[in-house]
Amino acid sequence: MKKVNFDEYSKDYDAIMQNQHKNFGDIKYYAEYKIKILSNIVKRDNQNLKILEYGCGIGRNLPYIARVFRKSSIFGFDISKESLEIAKQNNKEISIIESEEKLMRYNGCFDVIFIAGVYHHIEPSLRNDITLNIFKLAADNCDVIVFEHNPYNPLTRYMVSTCEFDNDAVLLSKRELQTIFMQAGFKKNASAYTLFFPPILKRLSFLEKFIKWLPLGGQYYISVKKHI
Ligand SMILES: C[S@@+](CC[C@H](N)C(=O)[O-])C[C@H]1O[C@@H](n2cnc3c(N)ncnc32)[C@H](O)[C@@H]1O
């Protein structure tokens with residue numbers, strides 16, 4: 001399977017995504033929603049943290065991270081150079097890390113690492129090594145929060161199968177993702193199924209805390225920690 005090159009989609013990424021979700025509401029909701037969960041887990045938004053979004057793409061989540069973690073230094077990294085260009089233009093206050101070589105210089109630095117919608121694009125045979133590198137980037141006590149598509153949700157599967165930049169997607173379950181992070185040395189903190197309701201039904205999202213165990217959410221997250 002040929003890996004999708006997000007350089008080719010960087011300019012149209014938002015438009016493609018919004019078109020795919022046209023019956024469900026404004027896609028900005030997804031970014032805001034995830035960062036709200038991130039801040040509830042990290043609970044340190046009054047501190048000066050170093051926060052990395054690994055696989056930040058065109059930077060859709062970065063403004064929300066910056067808004068919540070006002071005192072922190074925010075960094076974005078992606079392997080798609082064209083996507084990083086757009087992320088840089090739209091997020092002047094954020095430090096963009098442009099290469100894997102430069103990223104390695106930050107080993108042991110980050111207090112929080114946020115990853116959304118990246119692992120299903122990483123070839124399964126490479127996932128363990130990439131996660132080991134993420135472990136190296138983490139400082140002691142680092143919180144790592146990873147969001148992924150839920151393969152048990154039929155609508156999610158349909159959306160992935162009809163999305164042009166998901167041609168290389170290999171979905172993975174919450175348990176599989178957790179295993180990869182445990183094997184890299186992280187300790188389990190929390191996990192939940194999320195996004196049971198699309199943006200147009202966001203008023204119902206308060207119900208999600210009661211059904212987060214149900215493997216039918218559109219996505220899920222895992223939260224892990226680096227303890228030495
Ligand atoms: C679906 S996009 C998600 C972008 C962003 N996280 C968001 O939520 O809008 C997936 C991103 O993962 C990036 N990606 C894929 N493999 C990667 C890897 N090995 N390391 C870093 N980023 C990667 C792609 O370049 C792409 O920008």
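Residues numbered from 1 in each chain as written. Predicted model: local features only at pLDDT ≥ 70, side-chain atom pairs only at ≥ 80, totals over all residues. Heavy atoms only, no water.

Summarise the overall build of the protein; cite the residues concerned and give the values.
A tally of regular secondary structure across the protein gives 9 helices and 7 strands. For 228 residues, the compact-globule estimate of 2.2 N^0.38 gives 17 Å, and the protein sits close to it at 16 Å. Oriented by its inertia axes, the alpha-carbon framework of the protein measures out at about 40 × 40 × 35 Å. Looking at the protein as shown, the accessible area adds up to about 11,800 Å², and 52% of this sits on carbon and sulfur atoms. Here the protein contributes 32 positively and 26 negatively charged side chains, and the mean placements of these two sets differ by 7 Å. (Helix = DSSP H or I, 4+ residues; strand = E, 2+ residues; numbered from the N terminus. Rg over C-alpha atoms; globule rule 2.2 N^0.38 Å. Areas by Shrake-Rupley, 256 points an atom, 1.4 Å probe, with all protein chains shown as cover. Lys, Arg positive; Asp, Glu negative; His and termini not counted. Charge placed at Lys NZ, Arg CZ, Asp CG, Glu CD.)

Requested: an account of the pattern of salt bridges, with residues and values cited.
If the charged atoms of two oppositely charged side chains come close together, the side chains can form a pair. Scanning all chains against the criterion turns up 7 salt bridges. Between Asp 26 and Lys 28 there is a salt bridge whose closest N-O contact spans 4.0 Å. The class for Lys 28 is exposed, based on a relative accessible area of 51%. Two residues, Arg 44 and Asp 143, come together in a salt bridge whose shortest N-O distance is 2.9 Å. In this pair, Arg 44 sits in the loop between helix 2 (28–42) and strand 1 (50–54) while Asp 143 sits in strand 5 (residues 138–149), placing the two residues 99 residues apart along the sequence. Per residue, the accessibility class of Arg 44 equals that of Asp 143, and both read buried. Several salt bridges share partner residues, and in doing so they unite Glu 85, Lys 88, Glu 98 and Lys 102 into one network. (Salt bridge = Lys/Arg side-chain N within 4 Å of Asp/Glu carboxyl O. Buried < 20%, exposed > 50% of the residue type's maximum accessible area, 1.4 Å probe, protein only.)

Which residues make up helix 1 (residues 13–20), and what values go with them?
For helix 1, the full list of buried residues reads Tyr 13, Ile 16 and Met 17. Buried residues of helix 1 fall within an arc of 95 degrees about the axis and therefore sit on the same side. (Arc of directions from axis to C-beta.)

Mind laying out the packing of aromatic side chains, listing which residues take part and the relevant values?
Applying the stated criterion to the full structure yields 17 aromatic pairs. Members of the aromatic cluster, joined through ring pairs, are Phe 6, Tyr 9, Tyr 13 and Phe 165. In this structure, Lys 226 is placed above the aromatic ring of Phe 135, and the distance from its NZ or CZ to the ring centre is 4.3 Å. (Phe/Tyr/Trp six-rings, centres within 6.5 Å; stacked < 30°, edge-to-face > 60°. Lys NZ or Arg CZ within 6 Å of the ring centre and 35° of its normal.)

I'd like a description of unusual backbone geometry, backed by residues and values.
Even without a glycine there, the phi angle at Lys 43 is positive, about 50 degrees. Relative to the helices and strands, Lys 43 is located in the loop between helix 2 and strand 1. Phi is positive for Asn 141, which is not a glycine, with a value near 75 degrees. Relative to the helices and strands, Asn 141 resides in strand 5. Judged by relative accessible area, which is 37%, Asn 141 ranks as partly exposed.

I'd like a description of the pairing of strand 2 (residues 73–77), backed by residues and values.
Burial analysis of strand 2 places 4 of its 5 residues in the buried class, which makes it a mostly covered element. Of the pairings in the sheet, the one linking strand 1 to strand 2 comprises 5 bridges and is parallel in character. Residue pairing across strands places Leu 52 opposite Phe 75, the latter belonging to strand 2. Each parallel crossover has a hand, and the one from strand 1 via helix 3 (residues 62–68) to strand 2 is right-handed. Both strand 2 and strand 3 (residues 95–97) contribute to a ladder of 3 bridges, which runs parallel. Bridging across to strand 3, Gly 76 finds its partner in Ile 96. As for the winding sense of the linkage, the β-α-β connection from strand 2 through helix 4 (residues 81–90) to strand 3 is right-handed. (Pairing = 2+ DSSP bridges. Right-handed = clockwise from strand over helix to strand, strands pointing away.)

These results come straight from atomic positions and should not be treated as a statement about function.
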